[in-house]
Amino acid sequence: MMKMRSNEEWMEMYQRGDKTGFTQLYERLHEPLYCFLYRYTQEEQLSIDIVHDTFEILQKKKQAFSSDKGTVKAYLFQIAYRLLINKLNRRKKWRSLLPFLVPQTDHVINIDEKMWVQQAIAGLPDKQRAIILLVYYEDLPQNEIASILDIPIGTVKSRLHKAMNTLKNDLEEDFHAER
């Protein structure tokens with residue numbers, strides 16, 4: 001008969017290089033993580049993405065876990081919660097920077113408006129478009145974008161600033177002209 005192991009025992013196995021430990025942790029904890037995130041956000045895809053990202057971070061930082069500091073479950077929930085808050089804060093920032101991209105409660109964005117925004121983004125210079133797509137659509141932090149594009153973070157910031165100003169000007173003009 002197989003012995004029932006605790007999450008902490010599975011984590012120790014994983015830290016020693018046994019991938020079964022990771023598999024067992026995922027099987028045991030992905031559903032509680034998802035349920036917490038979904039109840040918090042009411043967004044299925046966001047919750048799924050955060051669970052995925054949480055386990056990716058566990059893979060990268062498995063040695064950072066110490067049972068002296070708490071349980072594996074608490075460690076994963078802490079990672080997931082931080083990821084969630086960061087994503088939600090980035091959304092708030094985007095809503096304040098580009099309010100015309102956020103649906104109003106009394107106004108549903110139609111297909112024409114979506115196409116209009118996509119065309120505005122497509123009209124950006126290539127280097128700025130890459131930044132906008134990675135920040136807005138992929139929700140990546142600036143340091144990861146710098147790594148992906150192999151450019152300094154300052155360049156990411158300046159291109160993002162230029163792209164935002166261009167989009168704001170182009171879309172606000174069109175938005176107000178249609179109203």
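Structure shown above.
Residues numbered from 1 in each chain as written. Predicted model: local features only at pLDDT ≥ 70, side-chain atom pairs only at ≥ 80, totals over all residues. Heavy atoms only, no water.

## A short note on the side chain of S47
Formally: By definition, any uninterrupted DSSP run of H or I lasting at least four residues is a helix, any uninterrupted run of E lasting at least two residues is a strand, and each is numbered from the N terminus. Relative accessibility decides the category of a residue: with a 1.4 Å probe and only protein chains considered, values under 20% of the type maximum give buried, values over 50% give exposed, and everything between is partly exposed. Here, two residues are considered to be in contact whenever any of their heavy atoms come within 4.5 Å of each other.
As for its placement among the helices and strands, S47 is situated in helix α3 (residues 44-60). On the basis of relative accessible area, S47 is assigned to the buried category, the value being 1%. With residues near it in sequence (within four places) discarded, S47 still touches Y34, L37, Y38 and T41.

## Overview of the packing of helix α5 (residues 111-122) against helix α6 (residues 126-137)
In plain terms, the rule: Angles here are taken between N-to-C directions and fall from 0 to 180 degrees, while the axes themselves are lines fitted to C-alpha atoms, restricted in helices to the stretch in contact. By definition in this entry, angles of less than 35 degrees are roughly parallel, angles greater than 145 are roughly antiparallel, angles of 65 to 115 are roughly perpendicular, and the rest are oblique. Three classes are used: nonpolar for Ala, Val, Leu, Ile, Met, Phe, Trp, Tyr, Cys and Pro, charged for Asp, Glu, Lys and Arg, and polar for all others, with Gly counted as polar.
Following both chains from N to C, one finds α5 and α6 inclined at 135 degrees, their axes separated by 9 Å at the closest point. Considering the angle they form, α5 stands oblique to α6. On α6, the residues touching V117, I121 and A122 of α5 are R129, I132, L133 and Y137. Classifying every residue of the contact of α5 with α6 by side-chain character gives 6 nonpolar, no polar and 1 charged.

## Comments concerning the nonpolar core
Where we set the bar: To form a nonpolar core, buried Ala, Val, Leu, Ile, Met, Phe, Trp, Tyr and Cys residues must be joined to one another through side-chain atoms within 4.5 Å.
Judged by nonpolar contacts, the single largest core of 23 residues is most densely connected at M11, L25, I50, F55, L58, V72 and L76. Among the elements of the structure, α1 (7-15), α2 (19-41), α3 and α4 (72-97) are those that each provide at least two residues to this core. For this core, the leading source of residues is α4, giving 8 residues. With 19 residues, the next largest nonpolar core counts W116, I151, L160 and A163 among its residues.

## Examining the packing of aromatic side chains
Let me state the cut-off plainly: Aromatic rings from Phe, Tyr and Trp, taking only the six-membered ring of Trp, are treated as a pair when their centres fall within 6.5 Å; an angle between ring planes under 30 degrees marks them as stacked, one over 60 as edge-to-face, and anything in between as tilted.
Within the structure shown, the criterion is met by 8 aromatic pairs. Aromatic side chains F36 and F77 sit 5.5 Å apart centroid to centroid with 50 degrees between the ring planes, which places their arrangement in the tilted category. Of the two residues, F36 sits in helix α2 while F77 sits in helix α4, which places them 41 residues apart along the sequence. Each ring, one from Y40 and one from Y81, has its centre 6.1 Å from the other, and the planes form 85 degrees; the classification is edge-to-face. In this pair, Y40 is assigned in helix α2 and Y81 in helix α4, connecting sequence segments 41 residues apart. Residue classification places Y40 among the partly exposed residues on the basis of a relative accessible area of 41%.

By themselves these figures say nothing about function.
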